[in-house]
Amino acid sequence: MKIGFIGLGKMGGQMVTRLLKAGHEIVATDNDRASVDKLVDEGALAAADRDELVQKLGSPAVVWLMIPAQVVDDEIDALIKILPSNSIIVDGGNSDFRLTRERAKRCERAGIQLLDVGTSGGILGLAKGFSMMVGGNEQAFKTVEPAIQALAQEDGYQYFGPSGAG
C-alpha cells in the first residue's frame, strides 16, 4: 500500500520504519529534513512539502498525520484543497473526539474520508507494535487496514465505528 506520512517525530518515524519493513511504500515529509533523510535511507520516498507528497501519491491518496494536535486543523484544511476526491486522511494522534467529528464533516464535504486512529505504544512501538483504535467510515478503514495491521501489536487494533469513535 502507498501512504503519505506527515510528521516523523518519535512515533511517526517509528511507524514509517515499521510500515517499510512490512513492504508498504511510504512518501514522507516533515519540517525536520533530517527526519526525512533518515527514512529515505530506510527506503521511504522524500517529499519537500505536502504538495509534492500528494503529487507522488497519485489518486486517490492516503495521507497519515502524526502531528501535534494544535496543528491538525490547519493541516487538514490545507490537504482538503489539494487531495483528489475519494482520498483518505488518517489522524493518528489522540485528538478530542468532538473535534474529530467536525473535521470528518469538513472532509466529507470535500469528498475525502477522515479516519481517527488513536495510537499508543510510544517508543516501544517499533519493536512491539502499536495499539490502534479506529473510527471513521468503514470502507475507508478497510482500505487502510493492511497498514494498520502492519503497525499494530498482535490483536492490537479495533474498528469502533463512526468518526470520533477511535
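Residues numbered from 1 in each chain as written. Predicted model: local features only at pLDDT ≥ 70, side-chain atom pairs only at ≥ 80, totals over all residues. Heavy atoms only, no water.

Quick notes on the overall build of the chain
We count it as follows: Secondary structure follows DSSP: runs of H or I at least 4 residues long count as helices, runs of E at least 2 residues long count as strands, and numbering of each begins at the N terminus. Only C-alpha atoms enter the radius of gyration, while the globule expectation follows 2.2 Å times N to the 0.38, with N the number of residues. Burial here depends on accessible area, computed with a 1.4 Å probe over protein chains only, as a share of the maximum for the residue type. Under 20% is buried, over 50% is exposed, and the range in between is partly exposed. By definition, residues are in contact when any of their heavy atoms lie within 4.5 Å. Residue-level accessible areas treat just the shown protein chains as cover; the underlying method is Shrake-Rupley with a 1.4 Å probe. In this count, Lys and Arg are taken as positive residues and Asp and Glu as negative ones, while His and the chain termini are left out. Just so you know, the charge point we use is NZ for Lys, CZ for Arg, CG for Asp and CD for Glu.
Secondary structure assignment for the chain yields 7 helices and 8 strands. Over its C-alpha atoms the chain spans a radius of gyration of 14 Å, differing by no more than 12% from the 15 Å that the globule rule assigns to 166 residues. With respect to the three principal axes, the spread of C-alpha positions in the chain is 40 × 35 × 25 Å. A burial count over the chain gives 48% of its 166 residues as buried. Across the chain, the fraction of contacts at a sequence separation of at least 24, relative to all contacts at a separation of at least 6, is 62%. Carbon and sulfur atoms make up 48% of the accessible area of the chain, which amounts to about 7900 Å² in all. In the chain, which carries 17 positive and 22 negative side-chain charges, the distance between the mean positions of the two groups comes to 2 Å.

Some points on the sheet that holds strand E2 (residues 25-29)
Defined as follows: Strand pairing is assigned whenever DSSP identifies at least 2 bridges connecting the two strands.
Across the sheet, 8 strands lie side by side as E3-E2-E1-E4-E5-E6-E7-E8; this open sheet has mixed pairing. In the strand order of this sheet, the two ends are held by strand E3 (45-46) and strand E8 (152-161), each with one partner. As defined by bridge partners, strand E1 (residues 2-6) adjoins E2 across 5 bridges and the pair is classed as parallel. Across the sheet, isoleucine 3 pairs through a bridge with isoleucine 26, a residue of E2.

Description of the nonpolar core
Operational definition: Among buried residues, the Ala, Val, Leu, Ile, Met, Phe, Trp, Tyr and Cys ones that are joined through side-chain atoms within 4.5 Å form a nonpolar core.
If you look at the biggest cluster of nonpolar residues, it comprises 31 residues, and the most contacted ones within it are Phe5, Ile26, Trp64, Leu115, Met132 and Val144. Among the elements that make up this core, the one with the highest residue count is helix H7 (residues 138-151) (7 residues). What phenylalanine 5 contacts, discounting residues up to four positions off in sequence, is Gly12, Met15, Val16, Leu19, Ile26, Val27, Ala28, Thr29, Leu53, Trp64 and Met66. Among the nonpolar cores identified, the runner-up in size contains 20 residues, and Ile6, Leu57, Ile67 and Leu79 belong to it.

Side note on the environment of proline 68
With respect to the helices and strands, proline 68 occurs in the loop between strand E4 (62-65) and helix H4 (72-82). Separated by 15 residues in sequence, proline 68 and leucine 83 place their C-alpha atoms 21 Å apart.

Digging into the pairing of E8
This is how it is decided: When the strands point away from the viewer and the path from the first strand over the helix to the second turns clockwise, the crossover is right-handed.
By the bridge criterion, 5 bridges tie strand E7 (residues 130-135) to E8 in an arrangement that is parallel. Bridge pairing in E8 places methionine 132 opposite tyrosine 157. Tracing the backbone out of E7, into H7 and back to the parallel element E8 gives a crossover that is right-handed.

Points about the packing of aromatic side chains
Cut-off, in case you're wondering: Working definition: rings of Phe, Tyr and Trp (its six-membered ring) pair if their centres are within 6.5 Å, and the pair is stacked with planes under 30 degrees apart, edge-to-face with planes over 60 apart, and tilted otherwise.
Within this structure, the stated rule accounts for 3 aromatic pairs. Between phenylalanine 5 and tryptophan 64, the ring centres sit 5.9 Å apart and the planes meet at 10 degrees, which makes this aromatic pair stacked. Residue phenylalanine 5 is found in strand E1, and its partner tryptophan 64 is found in strand E4; the two are separated by 59 residues along the sequence. Summarising the burial analysis for this pair, phenylalanine 5 and tryptophan 64 share the class buried. With 6.4 Å between their ring centres and 50 degrees between their planes, phenylalanine 141 and tyrosine 157 make a pair best called tilted. Taken together, the positions of phenylalanine 141 in helix H7 and tyrosine 157 in strand E8 put the pair 16 residues apart, joining distant regions of the chain. Taking relative accessible area as the criterion, phenylalanine 141 reaches 6% and is therefore assigned buried. In this structure an aromatic cluster arises from ring pairing among Phe141, Tyr157 and Tyr159.

A few points about unusual backbone geometry
Of the consecutive residues serine 59 and proline 60, the connecting peptide bond is found in the cis state with omega at -15 degrees. Mapped onto the fold, proline 60 is located in the loop between helix H3 (50-57) and E4.

Quick word on the layout of surface pockets
Under the convention used in this document: As defined here, a cavity is a set of points on a 1 Å grid over the protein atoms alone where a 1.4 Å probe fits but cannot get out. A pocket is an open set with protein on both sides within 12 Å along at least five of seven lines, and residues line them when an atom is within 4 Å of a point. Grid points are joined across faces, edges and corners, and a volume is the space filled by probe spheres set on the points.
Roughly 400 Å³ of volume is contained in the largest pocket. Lining the largest pocket are 19 residues, and of these Ile6, Gly7, Asn31, Ile67 and Glu75 sit closest to its centre.

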